[in-house]
Amino acid sequence: MKFNISDRIKIKTKDKEFEGISMPSSDENYEIIKLDNGYNLDILKKNISKIELIEKSKSIIEVISEKNEQDDSLPKITILHTGGTIASKVDYKTGGTVSRFTPKEILAMFPELKNYANINSRLIENMWSQDMRFSHYNLIAKEVKKELDRGVKGVIVTQGTDTMHYTSAALSFILEGLASPVILVGAQRSSDRGSSDAYMNLINAVYFIVHSDFGEVGICMHANTDDDFCHILPATKTRKFHTSRRDAFRPINTLPWAEVSYGDKHIKYLLNNYKIAGKNQLKIKLIKKDIKVALMKQHTNMYADQFLFYKNYEGLVIEATGLGCLPITEIDESTKESGKIFCAIEELIKNGVIVVEAPQAINGRIVMNVYSDQRKAQQMGVLGNFSDMTPETSFIKLAWLLSNYSKDETKTLITQNLRGEITDRINPKSYLYKKNGT
Amino acid sequence: MELDYIKLGLKIGLEIHQQLDTHKLFCNCPSDLRDDKPDIIFKRKIRASAGETGSVDIAAVMEKEKGLSFIYEGYSDTNCLVELDEEPPGALNLEALEIVLQVAKMLNAKVSDRIEFMRKTIANGSVTAGFQRTGLVAVEGKLHFDFGDVGVPTILLEEEAAKEVESTPDIVTWRLDRLGIPLIELSTAPEIYTPEQCREVAAYIGMILRSTGKAKRGLGTIRQDININIAGADRVEIKGVQDLRMIPKIVEYEVIRQKSLIDISKKVPQKIRVSEIYDLSKLFIGSDSKVIKNALEKVGVVLGIKLEGLHGFLGQEIQPGRRLGTEVSDWAKARGGVGGIFHSDELPKYGITDTDVENIKNMLEYKDGDAFVIVADLPDKSNRALYGVIDRVKLLPKGVIKQVRKVNTDATTSFMRLMPGAARMYPETDILPVVPDLLGIKLPELISEKSLRYEKEFGLSKDLAQLVAKSEQFLPFEKFCGEFKNIKPAFIAETYLKSEKAVKHVYAVDIGPSDEDFNILFSALDSGKIAKDSILEILSKNKPVNQVIDNFKLMDDNMLEDCIKQIVSKNKGLPFNALIGKVMAKLKGKADGKKAVELLNKIFNLDQNYSKSH
């Protein structure tokens, strides 16, 4: 019996009869119908004796009830999507979630935005955050520039949260001369739910762009598990710290730029040395899409060949333990491998690989002057002394430097502050900074 | 009032939610219900969002209009990130599923080939995720009663919601200890026709659930909702029926209410006309009414509307102690979060004078036969409240519409919210569907069957048998009976189940003996080492039994004989009954009374004979 998804059908098994709306099934062994009580009923196909078509599905016109006229006098903001993280809705036809990207759809989901800005919105390309590559950063940067050239006040980029801090760092470096707000927004709870953090994150980002003179790349996510306010976080000094919490993103070695709450009409700046918005003098410096740079995590019991693997890479960031101590000190029979690792790193550097340390401890600064083997590492040419960059930012920065500068220039610039990624003094209150309880 | 329920076309369906005594459904937190001070607190908002059919859920919109914030309180040692909606759900609690499968089997229901969990949109804040996770386990069960069969169309396994602890007009506070506890939900078909049948069905279902041995006990662990309508009325769901004994009265009052509303629907104008909303604030400057004074002080307003042709209806009683005006007030409260309304049928009253009423009537252009409603609160809330009033009175010609109501302590009901539409459920893709294992399901013994068995097997009286069968202690009871064959099962039952009360009564001490304590007691009694009469005293010491039991050890027979001989010889000449007294006083329970008297008798007679012969 021929029928389509969302047709009303009757399924007959040996002893029972079930009627409902046909639903898509990811498992070919089961037929799934949605009963009138709303529940899905999964029926083993092999038990089905007959399926009858009761009624073909009516085409349902999706009525977007909110009026969608926008106010042209309000500041213009473009939302660029890289996937459905912020604006997904449940699709009645398939039972799955479907992403919505047009301005009309966004305003239907976030009607508050109309009060603050004139919203444009589009999908750049579908990108799964964990599969992102340098070419994606380049694409996003170009699209951002396109919007800025059109004269928008600011741009919001929505992305899956897993690697949002990589993207924010990449955009920071690529968009040289930026003097406009480019805010990344994500959601830890999918936006088809009433409890999603997407709403606050997006609306606060828009509110912030409209009401602030902030002129650089930032991240806007929940500050606490509460739906009270968001943080605007520094693009190059932020990291995802929890697999699932709303307040997963925390600043490292610095404070958040600001707290934002559109509901309380409130922006509180915690720091004020951000770039002030003004005229963009954008020089797009892309990352070479084929450049080979890696980020490697040091651990105990390592082997030299783990390092030698990167012999033909152009750059290697090592998440080094403690103050930046590599496993290169051979003192007895048991640590013979450390001697080999020492030689391996030497070989890498001799081969032209730029080797940079970043803190595995995440918080704090790499200080390579403290232990003798660290000084040996410096002599060898391992870089990163006095860096307080996160490992992820170090990785992105290194790739970007090698794409746009000579090796020698890279060696100098890697530990120079270019976009706020390296601070010369760490605020004592920044360690595990959190304002509220839970 | 004697109601002819059959003639009225009364149809009742039951919906029972029972908490299960296992850890939570989608995480490993214990299902501990608590009332101590919580140490977690956070604040959230929940938005109305679209369900699977693309339309926004009506009830969710109503919640949104209220603009509520939610405060959640929890316990860091028994709540985890899943309850905070900060972590995806864990694996399904298979023990809970097994319990539901047992019930399904007991009801001869058809279990799903594969159980799929759904998200049911709930925007009132009672679930932190904005939806409840619920799964259909079985369909088409059946219950058999003398009055007929009652179908059980669905058997569900789902998460319990958080517990409301406080509700102000702008913020509702929820407690997370309850959130996520597994619930079995049984719904019956509307095949129940009288209040008494309803009670019977509810009691029977409760018994079946308790027979699994895994029904959580305590206040609020079972919730009964009654779906009820008479002919001409839409289905009304009454939530939160706790006490089985109240059920017949609740049904009766709801039938009266529905009948009253249907009668009213025939008498009111078939198209209800209301005026626009008027601002009456200036009429009340200097008013004596506390409510109005309060509102105006807080920069509130007094708003009013005229309801054409509705004079006398609001004051009409539709349930014992509740008028139509109370109904309308419920709607106003639900929409606007106001404390209440005033209506023309009850004024002048509450500090609102005759003059006030005249002024209102003038401003509203009142005509004979009209009614009016006024409300005093903040402008936004007052407006919304009156929209609620308008919505409700416009429905008067319809009689009884689909709605959800809650039970009051006097068995009447109050409006809670409109019945949410079906557009509320979509698949919970974070949980893998489960193929249930039906072969491993063992049917538990029904409590009713167990009770009969106890009467037959252990010779317990009907009351005692039921007491034990219903209790949580039936397993240890059976064990004790099997092990200690010298003690009568009835005595074991009485002792095991009623000692705490008895000790409290006799010794004014609160005790909490463990099963091990009883084990030692029964063992000693079984082997004759202590007397039956000592048991309560031993327990009253309120110490572990093994620490005190030696003091109560009975004398062995030789010692007993010597002791009695001594007493007899020291008390020559005393009559037999007095000697009994002396012996008992001396023994102080250290010997079995009957045996002592028998021995005394023997020794006394011997002694007498001896004396006589000498």
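Scroll up to find the structure.
In this text, all values refer to a predicted model and were calculated from it rather than measured experimentally.

A. Structural context of the sheet that holds strand S14 (residues 301-307) of chain B. Residue and element names in this part refer to chain B. Spatial strand order, S13-S14-S18-S17: four strands in an open sheet with antiparallel pairing. One side of each edge strand has no neighbouring strand; the edge strands of this open sheet are strand S13 (278-279) and strand S17 (342-343). In the sheet, S14 pairs with strand S18 (residues 371-377) via seven bridges, with the strands oriented antiparallel. Each bridged residue has a counterpart across the sheet, and for valine 302 the counterpart in S18 is alanine 376. Against the sheet, helix H9 (residues 379-394) contacts S14 and S18, and its axis sits at roughly 15 degrees relative to S14.

B. Representation of the packing of aromatic side chains within the structure. Counted under the stated rule, the structure contains 35 aromatic pairs over all chains. Arranged with centres 6.5 Å apart and planes meeting at 50 degrees, the rings of B:Phe70 and B:Tyr72 form a pair that is tilted. When sorted by exposure, B:Phe70 lands in the same class as B:Tyr72, which is buried. Taken together, the aromatic side chains of A:Phe208, A:Phe214, A:Trp257, A:Tyr269 and A:Tyr274 make up a single cluster linked through ring pairs. One cation-aromatic arrangement involves B:Lys450 over B:Phe474; the distance from NZ or CZ to the ring centre is 3.6 Å. The ring of B:Phe491 is capped by B:Lys532, whose NZ or CZ atom sits 4.8 Å from the centre of that ring.

C. Examining helix H13 (residues 489-507) of chain B more closely. All names here are of chain B. Between its first and last C-alpha atoms H13 spans 25 Å; for 19 residues at 1.5 Å apiece the expected length is 27 Å, and the two agree. When the local axis directions of H13 are compared, the greatest deviation, roughly 70 degrees, occurs at lysine 498. Here H13 has its buried residues at Ile492, Ala493, Thr495, Tyr496, Ser499 and Val503. Among the structural elements, helix H11 (462-470), helix H12 (474-483), helix H14 (515-526) and helix H15 (535-540) are those in contact with the buried residues of H13. At the exit of H13 stands alanine 508, carrying a positive phi of roughly 55 degrees.

D. Representation of the packing of H13(B) against H14(B). Residues and elements named next belong to chain B. Interhelical geometry of H13 versus H14 gives an angle of 145 degrees and a closest axis separation of 12 Å. When you trace H13 past H14, the crossing you get is right-handed. Mapping the contact onto sequence places Phe491, Ile492, Thr495, Tyr496 and Ser499 in H13 and Asp515, Phe518, Phe522 and Leu525 in H14. Residue composition of the contact of H13 with H14, grouped by class: six nonpolar, two polar and one charged.

E. Structural detail: the pairing of strand S10 (residues 154-158) of chain A. Residues and elements named next belong to chain A. For S10, a buried count of five out of five residues is recorded, marking the element as mostly surrounded by other parts of the structure. Across the two faces of S10 the burial is the same, with Gly154, Ile156 and Thr158 and Val155 and Val157 all buried. In this structure, strand S6 (residues 76-81) lies alongside S10, joined through five bridges in parallel fashion. Paired with threonine 78 across the two strands is valine 155, which belongs to S10. One ladder, built from four bridges, connects S10 with strand S12 (residues 182-185); its direction is parallel. Of the residues in S12, the one forming a bridge with isoleucine 156 is isoleucine 183.

F. Geometry of the side chain of A:Ser168. All names here are of chain A. Relative to the elements of secondary structure, serine 168 occurs in helix H3 (residues 164-174). Of note is the side chain of serine 168, whose polar atom sits 2.7 Å from the backbone oxygen of alanine 235. Apart from the residues within four sequence positions on either side, serine 168 is in contact with Leu184, Val217, Ile219 and Ala235.

G. Representation of the packing of helix H10 (residues 447-458) of chain B against H12(B) in the model. Residue and element names in this part refer to chain B. Contact geometry of H10 with H12 gives a least axis separation of 13 Å together with a crossing angle of 15 degrees. The angle between the axes of H10 and H12 places the two elements in the roughly parallel class. As for the relative orientation of H10 and H12, their crossing is left-handed in sense. Mapping the contact onto sequence places Lys450, Arg453, Tyr454 and Phe458 in H10 and Phe474, Phe477, Glu478 and Cys481 in H12. Its residues assigned to classes, the contact of H10 with H12 comprises five nonpolar, no polar and three charged.

Calculation criteria
Residues numbered from 1 in each chain as written. Chains lettered and ligands numbered in written order. Predicted model: local features only at pLDDT ≥ 70, side-chain atom pairs only at ≥ 80, totals over all residues. Heavy atoms only, no water. Pairing = 2+ DSSP bridges. Helix = DSSP H or I, 4+ residues; strand = E, 2+ residues; numbered from the N terminus. Contact = heavy atoms within 4.5 Å. Axes fitted to C-alpha atoms, helices over the stretch in contact; angles between N-to-C directions. Phe/Tyr/Trp six-rings, centres within 6.5 Å; stacked < 30°, edge-to-face > 60°. Buried < 20%, exposed > 50% of the residue type's maximum accessible area, 1.4 Å probe, protein only. Lys NZ or Arg CZ within 6 Å of the ring centre and 35° of its normal. Expected span 1.5 Å × (residues − 1). Bend = angle between axes of the 7 residues up to and from the residue. Left-handed = near helix turned anticlockwise from the far one by under 90°. Nonpolar A, V, L, I, M, F, W, Y, C, P; charged D, E, K, R; others polar. Polar contact = N/O pair within 3.5 Å; in protein donor to acceptor, adjacent residues only side chain to side chain. Parallel < 35°, antiparallel > 145°, perpendicular 65-115°, else oblique.

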